[in-house]
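# Architecture at a glance
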Amino acid sequence: MRLSRFPLSTTKETPADAEIVSHQLMLRAGMIRKLAAGLYTWMPLGLRVLQRVESIVREEMNRSGAVELLMPAVQPGELWQETGRWDKFGPLLLRFRDRHERDFCFGPTHEEVITDLIRREIRSYKQLPLNLYQIQTKFRDETRPRFGVMRAREFLMKDAYSFHLDAESLAEEYQEMYDAYTRIFRRTGLTFRAVQADSGAIGGSVSHEFHVLAESGEDAIVFSDGSDYAANVELAPALPPAGERPAPGGAMTTVDTPGVHTMDDLAASLDVPLSRCLKTLLVRGSEAPVVALLLRGDHSLNELKAERHPAVAEPLTLADRDTIRAAAGCEPGSVGPVGLDVPLVADHAALSLADFVCGANRDEQHLRDVNWGRDLPEPESADLREAGAGDPSPDGQGKLGVARGIEVGHIFQLGTRYSEDMNAAVLDDDGNSRFVHMGCYGIGVSRVVAAAIEQNHDANGMIWPEAIAPFTVAVVGINMHKSTQVADTAERIYRALLDAGIDAALDDREARPGVKFADMELIGIPHRIAVGDRGLERGQVEYRGRRDTDSQEVAVDDVVAHVRSLLQR
RNA sequence: CGGGGUGUAGCUCAGUCUGGUAGAGCACUGCCUUCGGGAGGCAGGGGUCGUAGGUUCAAAUCCUGCCACCCCGACCA
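Residues numbered from 1 in each chain as written. Chains lettered and ligands numbered in written order. Predicted model: local features only at pLDDT ≥ 70, side-chain atom pairs only at ≥ 80, totals over all residues. Heavy atoms only, no water.

### Here's the deal with the domain arrangement of chain A
Bring the parts together and some accessible area is lost; that lost area is often taken as the interface size. When its domains are assigned, chain A resolves into domain 1 (16–236 + 402–453), domain 2 (253–382) and domain 3 (471–568). Computed over C-alpha atoms only, the centres of domain 1 and domain 3 are separated by 39 Å. Between domain 1 and domain 3, the contact holds 6 residues from the first and 5 residues from the second. Summed over both sides, the interface between domain 1 and domain 3 buries roughly 520 Å², with carbon and sulfur atoms accounting for 61% of that surface. The largest contributions to the domain 1 side of the interface with domain 3 come from Leu45, Arg48 and Arg52, which together make up 66% of the buried area. At the boundary of domain 1 with domain 3, the tally comes to 2 salt bridges. Between Asp503 and Arg48 there is a salt bridge, with the nearest N and O atoms lying 2.9 Å from each other. At the boundary of domain 1 and domain 3, one finds 2 residue pairs in polar contact (both at pLDDT 80 or more). Here the element with the most residues in the side of domain 1 that touches domain 3 is helix α2 (residues 44–63); it accounts for 3 residues. Across the side of domain 1 that touches domain 3, the residue classes tally to 3 nonpolar, no polar and 3 charged. (Domains from an automatic or database assignment. Contact = heavy atoms within 4.5 Å. Buried area = accessible area lost by both parts, 1.4 Å probe. Salt bridge = Lys/Arg side-chain N within 4 Å of Asp/Glu carboxyl O. Polar contact = N/O pair within 3.5 Å; in protein donor to acceptor, adjacent residues only side chain to side chain. Helix = DSSP H or I, 4+ residues; strand = E, 2+ residues; numbered from the N terminus. Nonpolar A, V, L, I, M, F, W, Y, C, P; charged D, E, K, R; others polar.)

### Structural notes on the sheet that holds strand β26 (residues 473–477)
Pairing is mixed in the open sheet, where 5 strands are placed in the order β27-β26-β28-β29-β30. At either end of the open sheet lies a strand with only one pairing partner, and these are β27 (504–507) and β30 (552–555). Geometrically, the sheet is characterised by an average inter-axis angle of 25° between neighbouring strands, direction not taken into account. Sheet strands touched by helix α13 (residues 484–499): β26, β27, β28 (527–531) and β29 (540–545). Its angle to β27, the strand with the most contacts, is close to 170°. (Pairing = 2+ DSSP bridges. Axes fitted to C-alpha atoms, helices over the stretch in contact; angles between N-to-C directions.)

### Quick look at the protein's contact with RNA strand B
Among the 34 residues in the neighbourhood of RNA strand B, the closest are listed as Arg144, Asn479, Lys482, Glu521 and Glu542. Gly535 has a polar backbone atom sitting 3.4 Å from a base oxygen of RNA strand B. Contributions of two or more residues to the surface near RNA strand B are made by α14 (513–522), α15 (533–536) and β29. Ranked by residue count, the leading element in the surface near RNA strand B is α14, at 7 residues. The residue makeup of the surface near RNA strand B, split by class, is 9 nonpolar, 7 polar and 18 charged. (Near = heavy atom within 4 Å.)

### Regarding helix α5 (residues 111–121)
Burial analysis of α5 places 8 of its 11 residues in the buried class, which makes it a mostly covered element. Among the residues of α5, those classed as buried are Glu111, Glu112, Val113, Ile114, Thr115, Asp116, Ile118 and Arg119. (Buried < 20%, exposed > 50% of the residue type's maximum accessible area, 1.4 Å probe, protein only.)

### Some details on the packing of aromatic side chains
One pass over the structure, following the stated rule, counts 9 aromatic pairs. Pairing Tyr181 with Phe185 gives two aromatic rings, centres 6.2 Å apart and planes at 80°, and the pair type is edge-to-face. You can see Tyr181 and its partner Phe185 sitting in helix α6 (residues 167–188), 4 residues apart, about one turn around the helix. Within the aromatic cluster, the residues linked to one another by ring pairs are Tyr178, Tyr181, Phe185, Phe192 and Phe210. The ring of Trp86 is capped by Arg95, whose NZ or CZ atom sits 4.7 Å from the centre of that ring. Above the plane of the ring of Tyr418 lies Arg417, whose end atom (NZ or CZ) is 4.6 Å from the centre. (Phe/Tyr/Trp six-rings, centres within 6.5 Å; stacked < 30°, edge-to-face > 60°. Lys NZ or Arg CZ within 6 Å of the ring centre and 35° of its normal.)

Here you go:
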């Protein structure tokens, strides 16, 4: 590509409405342009990256035996009525009517359409297993689209659906997809992790998310340093502490704690570690109006775990100030379990405390040296807290570390949920009709692009992994409109790179060198060859990798081989 | 949906408090100089100041409604 004929449109200034670095850089580099909230045009530069990701996904899906098709983006509402999701999906589903007043929606996902297709097409177990996928634009009417294409309303998704006679076949295909996803994300050059994810009503570890690791990720994931255990933190169990609870020491006493309303205040004012304070959270109960959840002061509540506890009402609702005063007789900062007449559920770690500090259920007072069994009854125990760094791994091997990730892929065993609702069945070898088992497998293709930037950038801009870079090499002509020597050499190198099968850009714009360098760094081209009169006098050009701090001189005739050797690494 | 914020040139923003002829930088066009790390000079084009109404001799500025966008949260997978 000759950049003189390519609509590159970079800016020095960061657009005011972009919050995260990938969004800022994509706008500054001219990769995307906003049309409306959550709707973006992919400019030629951005589209090149998007298509590279798309190609990798397509190649590996095909390699895995999945077969590509393309379904309509617009879907009839009646299909969604069949599965009950017309109502359940709520405003996330963009609905509209055609001229005959029939209901339609713009597809946010395609389980209904593909299941409808399969029930018409597939009659026999001999036609199974089958895995069909598409790469297509989806629309989800998010209440708050944000972060550019990271969470857009319209986005590009690869969605695959597999169909099987039984659960065993589904499990095999699931593993096939797990392996394919691993190859896909490995090929993009990104650092990623597959983690166990919330599997909803189905149970077992039959759902995995694939996360690109990045500090700015919205999800926390935990992983063991002693095994391959990795999970979304919302799912990771926190093991009960090993060892016996220490014996009680001195008698319980009441202390005045004026102005103390937070756990940090409490630990500081009484000079006890946070880990020996007890946090009491009042939430709405499923039977009792209020239930107290007890946690160690340094632990935080895992909302998913709390919500799944039978005593807790769904959805999880923290008690408001009035409810707290009615139940405990004090302000939120002084609530404690001693003498509190509501059901108590204690996290395992909280239950192994001795001589702890907690609220006294009187304003501005707390209790010291409180002990389970002695000063109050032993409460029910449960796993309520968020697992954290340093915790033992749930599989018993190693300790947990915590990282942040961006969810770019999700694979799931659906079972017969949709096939039953929509009556998608085949005949087995005994002639019996059986509902097909289904799996679904998604990749947020456009989100991968943003995630790649979140993970790979510096003060000068983006740093693309070679596999998804918009161009692999930039040939920058220094003042090439003034020097035929430079123009000819740059042109020759550019053509030689193309002939070698390397995706090169020739920066033949009539711009100053500093502008060109800055642009090539902003748009993150992995390799750069600068051609200028100064070096050509000695038969040399300059090579510089995007992460390098210095350039190196390479003979004009060797530069293509030089780049090629770097690419083969 | 709740809370907060912002709407002035393509972009980043000043001007609004205290009403009185629409501004700067970047970008863009032309000319000159310069040109191996986001050049300088001169000249120029570009605005119904988000929108509708109101107050006023006079509104970007004050008042009211509406719209759009952004942030936090809840929601969603």
